[in-house]
Amino acid sequence: MLTVGPSLDLYWETSGNPEGIPVLYLHGGPGGILRPGYRRHFDPSKYLIIGLQQRGAGRSTPADASPERLVEGTDTARLVADIEVVREHLGIDSWLVSGISWGCTLAFHYALGHRDRVRGLVLVAVTTTSPDEVDWITEGVGMIYPEAWQQLAATVAAHSDWAPGKGRLVDAVAQIMLTADAEVRTEMALAWMDWEQTHIQIGLPVDQLRPAKVGDEPIAQQMAFTTLVSHYWSRHAALDPQWLPDGPLLGRLAALEGLPLCMVHGRRDISGPVAVPWAVKAELPEAQLHVVEAEGHGGEHMMELWCRATDSFAASGDFQLGPA
């Protein structure tokens, strides 16, 4: 645990070769947790593998499972600063940065702010958390899964003055998670997690989708996730200067020209369409983009390409996976 503020501690862990290439893994969310499977994507004989639990969730404390515990300064700029604190604490000069989903957004922000500390980026299920992406994942995907979205919308409408066509659903969810009582917040969190489980499992029949249940993961964890993801997504889409003082990522990424970048994305990723990494590559033409046709927001072949990318970087300091 690393103390970064009054009663605020970040969980971090290392594994692999203490003398190896430092690599930082950034998990998804916002509000996700650091799961041990991430280590499988880095050869432990070649890498010093660093896992960081982002503030407000998982083993970092406090977890934002209730409004009164929402950490002041829980914003993108603070997450980037946390990464730097951990790097300095570990005495690492520079590292390879790897992320998945929301972790890609955070990796881009970190690289833009600390280019000299980043050796390269390897990103899977790429997001930039733009307003369009937020609106798509919270409302647009409802065109594909109207049954699931209507259930989510009904829960939101029951506990707020939101209605379809009246404001943004994610703003209403954020307000509920910050102001409602524990019973309502629990109901909202479970409804949100059901929605998440639906659209990230694209390809399975609707009647085979695994619903979110209290017993699947601790309810406090599900509440923390819903609190944080709505908290971040609501403010990103508003382009609040406190959150994104330099503006959205797209339009600024050319500043990373020359930095090794490998992106792996699923064609069937309905949660984050392939148009997102395609837009990144338009700004960084030398970046490698590998689209896996048969997979979505993760998959076996995508994980294999992730390993191949980190193996090639360990061998050459670049990504040698063939043409983009």
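Before reading on, note that the structure itself is shown above.
(A) Looking closely at the nonpolar core. Residues Phe-108, Leu-121 and Leu-261 are the most contacted members of the largest nonpolar core, which totals 39 residues. Elements represented by at least two residues in this core include exactly β4 (21–26), β5 (47–52), α1 (76–90), β6 (95–101), α2 (102–113), β7 (118–126), α7 (219–238) and β8 (261–266). For this core, the element with the most residues is α2, which contributes 7 residues. If we ignore the near neighbours within four places in the chain, the residues touching Leu-261 are Phe-108, Leu-121, Leu-123, Val-280, Leu-284, Ala-287, Gln-288 and Phe-319. Ranked by size, the runner-up nonpolar core spans 28 residues in total, among them Tyr-145, Leu-169, Ala-189 and Trp-233.

(B) Spotlight on the pattern of salt bridges. By the definition in use, this model includes 10 salt bridges. Across the pair Arg-87 and Glu-84 runs a salt bridge, and its minimum N-O distance is 2.7 Å. In this pair, Arg-87 and Glu-84 both sit in helix α1, 3 residues apart, roughly one turn of the helix. Classification of Arg-87 by relative accessible area gives buried; the value is 5%. The salt bridge involving Asp-93 is made with Arg-117; its shortest N-O contact spans 3.0 Å.

(C) Representation of the sheet that holds β8 in the model. As summarised here, the arrangement of the 7 strands in space is β3-β5-β4-β6-β7-β8-β9, forming an open sheet in which the pairing is mixed. The sheet terminates laterally at β3 (12–16) and β9 (288–292), the two strands that pair on one side only. In this sheet, adjacent strand axes meet at a mean angle of 15 degrees when their direction is disregarded. Sheet analysis places β4 next to β5, joined by 6 bridges and oriented parallel. Residue Ile-21 lies in a different strand from β5, and its bridge partner there is Tyr-47. Contacting β4, β5, β6, β7, β8 and β9, helix α9 (residues 300–316) crosses the sheet at an angle of about 175 degrees to β7.

(D) Broad picture of the packing of aromatic side chains. Applying the stated criterion across every chain, the model contains 9 aromatic pairs. Measuring from centroid to centroid gives 4.7 Å for Tyr-25 and Tyr-38, while their planes differ by 5 degrees, and the two rings are stacked. Of this pair, Tyr-25 sits in strand β4 while Tyr-38 is found in the loop between β4 and β5, placing the two residues 13 residues apart along the sequence. Residue Tyr-25 is classed as buried on the basis of its relative accessible area of 8%. Looking at Tyr-38, the relative accessible area reads 3%, which means it is buried. With a centroid separation of 6.4 Å and 65 degrees between ring planes, the pair formed by Trp-95 and Tyr-110 is classed as edge-to-face. Pair noted here: Trp-95 is in strand β6 and Tyr-110 is in helix α2, with a separation of 15 residues, a long-range link. Each member of the pair, Trp-95 as well as Tyr-110, is classed as buried.

So, how was this worked out
- Residues numbered from 1 in each chain as written.
- Predicted model: local features only at pLDDT ≥ 70, side-chain atom pairs only at ≥ 80, totals over all residues.
- Heavy atoms only, no water.
- Core = buried A, V, L, I, M, F, W, Y, C linked by side-chain atoms within 4.5 Å.
- Buried < 20%, exposed > 50% of the residue type's maximum accessible area, 1.4 Å probe, protein only.
- Helix = DSSP H or I, 4+ residues; strand = E, 2+ residues; numbered from the N terminus.
- Contact = heavy atoms within 4.5 Å.
- Salt bridge = Lys/Arg side-chain N within 4 Å of Asp/Glu carboxyl O.
- Pairing = 2+ DSSP bridges.
- Axes fitted to C-alpha atoms, helices over the stretch in contact; angles between N-to-C directions.
- Phe/Tyr/Trp six-rings, centres within 6.5 Å; stacked < 30°, edge-to-face > 60°.

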